Amino acid sequence: MALLEVRGLRKSFGHGRNRVPAVRGVDLEIAPGETLGLVGESGCGKTTLGRVVVGLQAATEGEIIFDGETLDGKLGKPEYRRRVQMVFQHPSQSLNRRMRVATTLSEPLRLLHASAADQVAERVDVVLRLVGLGPDYLRRTPRQLSGGQQQRIAIARALMPEPDLVVLDEPTSSLDQSVRGRIIALLRSIQDERGVAYLFISHDLSTVRKIADRVAVMYLGRIVEEAPTEQVFEDPQHPYTKALLSAVPSMDLDNRGTRIILEGETPSPSALPQGCSFQDRCPLVHTRCRTEQPTLISLPDGRRVECFAVTSPSQAYEVNP
Amino acid sequence: MSLLEVDGLTVGLERSPHSLLREVGFTVEPGEVMGLVGESGSGKTMASLAIMGLLPSGIEQRGGTVRLEGRDLMDSGTGEIHRTANQMTMIFQDPRSALNPTMRIGRQIARVIETNQNASREKARAAALAALSHVGIPGAKRVFRAYPHQLSGGMCQRVMIAMALACKPRILIADEPTTALDVTIQAQIFDLINDLVQETGCGVLFITHDLGAIAEMCDRVTVLYGGQVMETGSLRGVFTQPLHPYTQFLFDAVEREVDPRVEEKGANFALAGCRFGHRCPYVFEACGQFPPLRTVIEGHRSACFLPEEGRIGAP
């Protein structure tokens with residue numbers, strides 16, 4: 001059974017004419033101990049989706065089912081808050097500058113009334129070791145730590161209440177390449193040891209490839225393709241996924257200049273065209289795409305794709321553009 | 001004679017004995033994209049600012065020369081930087097903060113043209129509009145009248161490029177031009193820069209931390225760490241046969257996990273010897289001294305004592 005199930009999730013900001021739909025109907029599942037990578041460009045709604053899952057923002061519509069129980073209200077029950085944790089992009093901003101590491105780490109347990117005081121210190125010690133730091137870090141404040149160490153502390157803080165799911169929102173984007181690799185390795189070893197599931201949100205495709213079991217690609221508030229990681233990277237189906245992957249600069253010198261270059265820019269979410277939101281940039285666009293919203297359809301090989309040209313090619317091409 | 005020749009460039013904080021850039025040198029040829037790659041704090045941006053003569057106050061140039069088409073840019077008498085704006089231009093990482101938020105796009109570009117080419121207001125206006133269409137902006141007339149906040153990041157970067165190229169520079173310095181942009185927009189900007197280089201034959205100094213972007217854009221590459229040039233050579237040379245332990249580490253960091261000894265230590269600007277010495281797995285006595293850049297293979301230079309000692313850095 002899935003650990004987390006998201007059904008028909010929608011989230012809009014603003015009212016009336018200023019209404020901006022950030023998430024426009026998302027279905028996804030995460031199994032226990034699994035990593036789902038959520039990729040997309042800025043403004044596609046991936047962070048909003050993560051925040052709604054954690055309960056930092058209430059969904060406008062749709063259901064979040066965690067471990068068989070439907071989440072209601074903005075923050076959910078204390079038990080949900082304990083079991084679902086989050087790590088943010090900028091550790092320097094998400095850590096309290098005036099708190100020492102020991103306080104930062106014991107704070108979640110104190111707030112959740114989860115452990116007796118004498119057990120807290122023990123747990124801090126265990127988790128600090130788990131993220132590869134020693135007890136000599138306990139008395140430091142964030143500014144006495146490097147960016148990589150700060151992110152380790154942020155991860156440790158999320159792990160304190162022994163969560164089942166951690167939402168990681170661009171956890172490595174503010175770090176240097178060399179530090180990035182260490183954090184990914186750390187996250188993987190924690191997962192092996194603790195069986196925690198990750199929702200790994202990132203715009204950095206190469207990082208996602210290193211950590212995710214499955215990948216969901218988001219474009220303008222909808223998931224356009226979802227499949228096991230290697231399938232997405234080796235054989236992408238949706239035209240947006242194809243363009244996105246080919247746009248990533250590769251270190252392979254022999255494939256220079258074989259990029260698919262999309263025309264134009266992502267339309268504003270507040271003025272979306274009718275039909276498929278990718279239509280104006282899509283090389284496969286047909287009349288049907290301009291009138292009808294495609295839905296995520298499962299293909300025989302287990303992946304899900306939201307594109308008429310892929311899921312029902314004959315119908316899509318009936319009418320010429 | 002190279003188009004741009006940087007030699008022995010040394011820059012430091014006033015009243016501090018340590019230098020932020022130490023004897024940095026490289027060249028850029030016409031029609032060539034030279035990549036300058038390094039992690040944050042490696043001195044990439046400092047080098048570009050020094051070349052442009054834009055060093056912030058409190059930071060002084062202590063030595064070295066910057067030559068454009070053989071002409072020294074620094075006046076030996078006064079120590080002043082010659083005005084070179086119409087021959088060297090620069091585009092920045094965050095295009096929106098590089099534009100004036102209170103001025104319409106068209107006016108900003110026109111002003112650059114007026115100042116640098118002594119053009120009349122009307123002429124500059126027409127040239128600015130032409131420059132906008134030139135960089136592939138759809139609806140150039142509308143963008144001409146827009147303010148920066150009304151445009152996307154990708155559009156703002158196109159405007160910056162239009163502004164930079166309006167002066168027909170010999171050298172374009174692009175400091176992380178796409179770091180703030182999405183990958184699909186990044187691909188468009190790369191394409192645009194490539195087209196413009198082919199068309200105008202200008203040289204580009206392309207600064208980035210992204211090895212993929214280097215592979216995509218550059219002809220030659222210079223690797224910087226701790227304000228010191230570690231290695232410089234052709235793209236293929238450096239990518240297929242990295243000579244310096246730091247370059248090897250940089251490539252390894254992308255592909256797999258690396259030796260934790262090399263990890264998570266910032267550059268140490270107080271080191272008298274090699275700036276990578278405190279992280280290098282092959283460090284030995286000689287590394288206590290400053291390693292000059294030496295040619296190892298034709299056209300491929302490395303600042304490391306290992307090759308000469310016969311201990312080329314392979315584990």
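Refer to the structure presented above.
Everything numeric in this text was worked out from a predicted model, so none of it was measured. (Residues numbered from 1 in each chain as written. Chains lettered and ligands numbered in written order. Predicted model: local features only at pLDDT ≥ 70, side-chain atom pairs only at ≥ 80, totals over all residues.)

Enquirer: So, the pairing of strand β3 (residues 35-39) of chain A: which residues are in play, and what are the values?
Expert: Residues and elements named next belong to chain A. With five of its five residues buried, β3 lies for the most part within the structure. The pairing of β3 with strand β8 (residues 197-202) spans five bridges and is parallel. Bridging from a neighbouring strand, Thr35 pairs with Tyr198 of β8. Here four bridges tie β3 to strand β9 (residues 214-219), and the two strands are oriented parallel to one another. Across the sheet, Gly37 pairs through a bridge with Val215, a residue of β9. (Buried ≥ 20, exposed ≤ 12 C-beta atoms within 10 Å, placed from the backbone. Helix = DSSP H or I, 4+ residues; strand = E, 2+ residues; numbered from the N terminus. Pairing = 2+ DSSP bridges.)

Enquirer: Let's hear about the sheet that holds strand β10 (residues 222-228) of chain A: which residues, and what values?
Expert: Residues and elements named next belong to chain A. Strand order in this open sheet of eight strands is β6-β7-β8-β3-β9-β10-β12-β11, and the pairing throughout is mixed. Edge positions in the sheet fall to β6 (84-87) and β11 (297-298), since each of these pairs with one other strand and no more. By the bridge criterion, four bridges tie β6 to strand β7 (residues 165-169) in an arrangement that is parallel. Counterpart to Met86 in the pairing with β7 is Val167. Along the sheet, helix α10 (residues 239-247) contacts β9 and β10; its crossing angle with β9, the most-contacted strand, is approximately 100°. (Contact = placed C-beta atoms within 7 Å. Axes fitted to C-alpha atoms, helices over the stretch in contact; angles between N-to-C directions.)

Enquirer: Which residues make up the packing of helix α4 (residues 101-112) of chain A against helix α5 (residues 117-130) of chain A, and what values go with them?
Expert: All names here are of chain A. Axis separation between α4 and α5 bottoms out at 10 Å; the angle between their running directions is 115°. Pair α4 / α5 crosses with right-handed handedness. Contacts between α4 and α5 involve Ala102, Leu105, Ser106 and Leu109 on the former and, on the latter, Val120, Arg123, Val124, Val127 and Leu128. Considering only residue class, the contact of α4 with α5 consists of seven nonpolar, one polar and one charged. (Left-handed = near helix turned anticlockwise from the far one by under 90°. Nonpolar A, V, L, I, M, F, W, Y, C, P; charged D, E, K, R; others polar.)

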